[in-house]
Amino acid sequence: MDVLAATDPARIERLLSVARSTRPLPAPDGSLYFASNRGGHVQAYRQTAPGAEPVVLARSETRMVPHAHTPLGLLVREDRGGNEVWQLGMFSDGRVRPLTTDLKAIHQSVTVHPDRRRAGLGWNPNGQADMVLGEIDLETGELTPWAEPGGFWQWEAWSPDGTRAAVMKTMGTPTEAYLLDRDGGLVRLLEGALRASTVEWIDAGLLVLTDVGRDYLGLALVDPEHLDAVAGWLFEEDHDVEGVVVDPAKTRAALIVNDGIYDSIRVIELAAGREVDRLALPSGVTIADHSGDAGYHIYWSGDGTRLFVSWERPTQPAEIYEWPGGARWTFTGEVPDGLVEPREVSYESFDGLTIPSLFYRLGDQPRPAVVYFHGGPEGQSRGGYVPQAHLLNAIGVNVFLPNVRGSTGYGMRFQSLDDKTLRWNSVKDGCEAARHLKGSEQATTTAAMGGSYGGFMTLAVLVEDPDLWDAGVETVGIADWHTFFRNMPPWRGVLRINEYGDPNGAEADFLRQISPLHRASSIKAPLLVIHGRNDPRVPVGESIQIGEAVGRAEVLIFEDEGHGVAKLANQVTANGKILEFLAAHLL
């Protein structure tokens, strides 16, 4: 690459590929199991001590994540080519024995029963839209349905005696919590809540993450005999709780709290909700990825004396740390010294709304800048490791990450400002970010960039103000809302309609109006488009059709990727192409 030759090739080559360690799962013998793409794609590893050399459990072409220790072996989850159609297997005696056989069905929210020989879960036979709730025998793989209530449902917690379950219906951001009986009977919790999900079922009642009566998610206790009211709040601040993990004795919990750009992890006593400790870690966030949310990547040891967390910083991809003491177990990603820490900044949008943002800035002089949009839309740019920011910094380009209206982390009122027919206001926020940078003489040229919903935002700002942008990089993004809904797996449509609107209902005309594909001829900026052939979230056809409509766009499709670029070799190819493209059009 010419751009590599003009800078520090060794430094940039180390930034091109990103290896992480996630899903810590401590074992009874004191060792640690975890997932990592250190060998090329995500596999399950075992490590005997902090800093020891990890050993892969069973080499596979699938993405494999350790899920739970059981008397029958290690329960694992795996998918093929990034398609997120999760299957279950049992690792023992050096091999993985498949437990599930329906390769079209997603097996999700797998929650081990108190007897540890069964698990509750949701699955969609033959890939159907509606989820079945039930249990799986971890020895035979036999699935026993309890209910098929219609929609997307997750299994959340077992009652202490293992006879009932807490389950959740999710419709995008809105979630509803229920108690489920084996005969299929469902009873709703906290009917007045927009968001409610059960964390754990303890002797004192149900631990529920909810925003009932609040703008932010807090942790509440609900009496199973009085499901319509909060019995007491264990945590309530003007910050969202991103995840809760209860210790084996069910006396303490670790809370992942979104404090803004960074997370804090608080340890509380459940009896009174009293904070007893905070994890002393460098500023960062708990990792979240396609295998699970933040709560999936933090785990207590079996005796409850230690807590393991996959922790990511702006200058370090996710590694696993132990509390108490802060010992770092894994040393997976080697990055150069001297990477830029993001600054917390803000700007005023077209209607006076303040937009919180992050800025990876090299000094105070004007430079080319990339406006980088997060995915979601229920997402937030935060203090994780953004490899493209460091790559672009390495060639003299600043990176600006706006949390446009509709982003999470700033309360439900802010998050709802882009719902359905308000969608284009967030696009205007994106354009205002570039105008702010140019108007304040912080940027000489600007490019739009983003993945998934951030890919839609990239295309949308390019058509909203074609003269504002000098380039665009769109990854796994949405070009046409109608083809997006038509071609996605049916189970995903259930989740997306509530947020985006019904393409066959009241919002049909509006969704057509805001689809960038129909205004693609107005795009003036050079465009690079990247997608994975196996993407289950945004069909690959979205990128193919925008590439054809723009005509001069460059389109790069990976045959062995899903929603994003996960394999190390493909990361090198994709990031290298992005770097070349933006250097050519910004510098």
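Procedures and definitions
- Residues numbered from 1 in each chain as written.
- Predicted model: local features only at pLDDT ≥ 70, side-chain atom pairs only at ≥ 80, totals over all residues.
- Heavy atoms only, no water.
- Pairing = 2+ DSSP bridges.
- Helix = DSSP H or I, 4+ residues; strand = E, 2+ residues; numbered from the N terminus.
- Axes fitted to C-alpha atoms, helices over the stretch in contact; angles between N-to-C directions.
- Core = buried A, V, L, I, M, F, W, Y, C linked by side-chain atoms within 4.5 Å.
- Buried < 20%, exposed > 50% of the residue type's maximum accessible area, 1.4 Å probe, protein only.
- Contact = heavy atoms within 4.5 Å.
- Phe/Tyr/Trp six-rings, centres within 6.5 Å; stacked < 30°, edge-to-face > 60°.
- Lys NZ or Arg CZ within 6 Å of the ring centre and 35° of its normal.
- Salt bridge = Lys/Arg side-chain N within 4 Å of Asp/Glu carboxyl O.

**Q** Please provide a residue-by-residue account of the sheet that holds strand 37 (residues 554-558), values included.
**A** Sheet architecture is open: 8 strands sit in the order 30-31-33-32-34-35-36-37, paired in mixed fashion. Edge strands, defined here as strands with exactly one partner in the open sheet, are strand 30 (343-348) and strand 37. For this sheet, the mean angle separating the axes of adjacent strands, direction not counted, is 20°. The sheet contact formed by strand 30 and strand 31 (residues 354-360) spans 6 bridges and is antiparallel. Across the sheet, the residue bridging to Ser 346 is Pro 356, located in strand 31.

**Q** Report on the nonpolar core, specifying residues and quantitative values.
**A** One broad rule of soluble globular proteins: the nonpolar side chains tend to lie buried together. The biggest cluster of nonpolar side chains holds 46 residues, and the ones touching the most others in it are Phe 456, Trp 469, Trp 481, Phe 484 and Ile 546. With 8 residues, helix 6 (residues 453-464) is the largest single contributor of residues to this core. With residues near it in sequence (within four places) discarded, Phe 484 still touches Ile 478, Arg 496, Tyr 500, Arg 537, Val 538, Pro 539 and Glu 542. Tyr 262, Val 340, Val 397 and Leu 586 belong to the second largest nonpolar core, which has 36 residues in total.

**Q** Which residues make up the pairing of strand 2 (residues 32-36), and what are the values?
**A** Successive side chains on a regular strand alternate, one facing one side of the sheet and the next facing the other. Within strand 2, 5 of the 5 residues are buried, which leaves the element mostly enclosed by the surrounding structure. Direction of pairing for strand 1 (residues 21-26) relative to strand 2: antiparallel, over a ladder of 4 bridges. Its bridge partner lying in strand 2, Pro 26 is registered against Leu 32. The hairpin turn running from strand 1 into strand 2, its antiparallel successor, is 5 residues long, and Gly 30 in that turn takes a positive phi close to 90°. Two elements, strand 2 and strand 3 (residues 43-47), share 5 bridges in a ladder whose sense is antiparallel. Counted as the bridge partner of Ser 36 is Gln 43 from strand 3.

**Q** Run through the sheet that holds strand 19 (residues 218-222), naming residues and quoting values.
**A** Ordered in space as 17-18-19-20, the 4 strands form an open sheet in which the pairing is antiparallel. Each of the sheet's edge strands pairs with one partner strand only, and the pair in question is strand 17 (196-202) and strand 20 (232-235). Ignoring strand direction, the axes of neighbouring strands in this sheet form an average angle of 30°. Where strand 19 and strand 20 come together, 3 bridges link them in antiparallel fashion. Pairing of Leu 221 across the sheet is with Gly 232, part of strand 20.

**Q** Go over the packing of aromatic side chains with me, naming the residues and quoting the values.
**A** For the structure on display, the rule yields 14 aromatic pairs. Seen in terms of ring centroids, Phe 34 and Tyr 45 are 5.7 Å apart; in terms of plane orientation they differ by 15°. Their pairing is stacked. With Phe 34 in strand 2 and Tyr 45 in strand 3, this residue pair connects regions lying 11 residues apart in the sequence. Take Phe 34: its relative accessible area is 0%, and that puts it in the buried class. In this structure Tyr 45 comes out as buried when scored by relative accessible area, which is 6%. Here the aromatic residues Tyr 453, Phe 456, Trp 481, Phe 484 and Phe 485 are joined through ring pairs into a cluster of three or more. Directly above the aromatic system of Tyr 296 lies the positively charged group of Arg 23, at a separation of 3.8 Å from the ring centroid. Sitting over the ring of Tyr 45, Arg 38 keeps its end group 5.8 Å from the ring centre.

**Q** Break down helix 10 (residues 541-550) for me, citing the residues and quoting the values.
**A** Along helix 10, the positions that sit buried rather than exposed are Glu 542, Ser 543, Gln 545, Ile 546, Gly 547 and Val 550. Its buried side turned inward, helix 10 meets helix 6, strand 35 (471-475), helix 7 (481-487), strand 36 (527-532) and strand 37. Two residues or fewer past helix 10, Gly 551 is found with a positive phi of approximately 85°.

**Q** Give me the pattern of salt bridges: which residues, what numbers.
**A** One pass over the full model with this rule turns up 37 salt bridges. Across the pair Arg 413 and Asp 215 runs a salt bridge, and its minimum N-O distance is 3.4 Å. A residue pair is termed long-range when its members are at least 10 positions apart, and Arg 413 in helix 4 (residues 412-415) and Asp 215 in the loop between strand 18 (205-210) and strand 19 qualify at 198 residues. On the basis of relative accessibility, which here comes to 14%, the residue Asp 215 falls in the buried class. Salt-bridge contacts for Arg 533 lead to Glu 559; the nearest nitrogen and oxygen are separated by 2.9 Å. Taken together, the residues span a long stretch of sequence, with Arg 533 in the loop between strand 36 and helix 10 and Glu 559 in the loop between strand 37 and helix 11 (568-586) at a distance of 26 residues. Several salt bridges share partner residues, and in doing so they unite Glu 237, Asp 259, Arg 266, Glu 275 and Arg 278 into one network.

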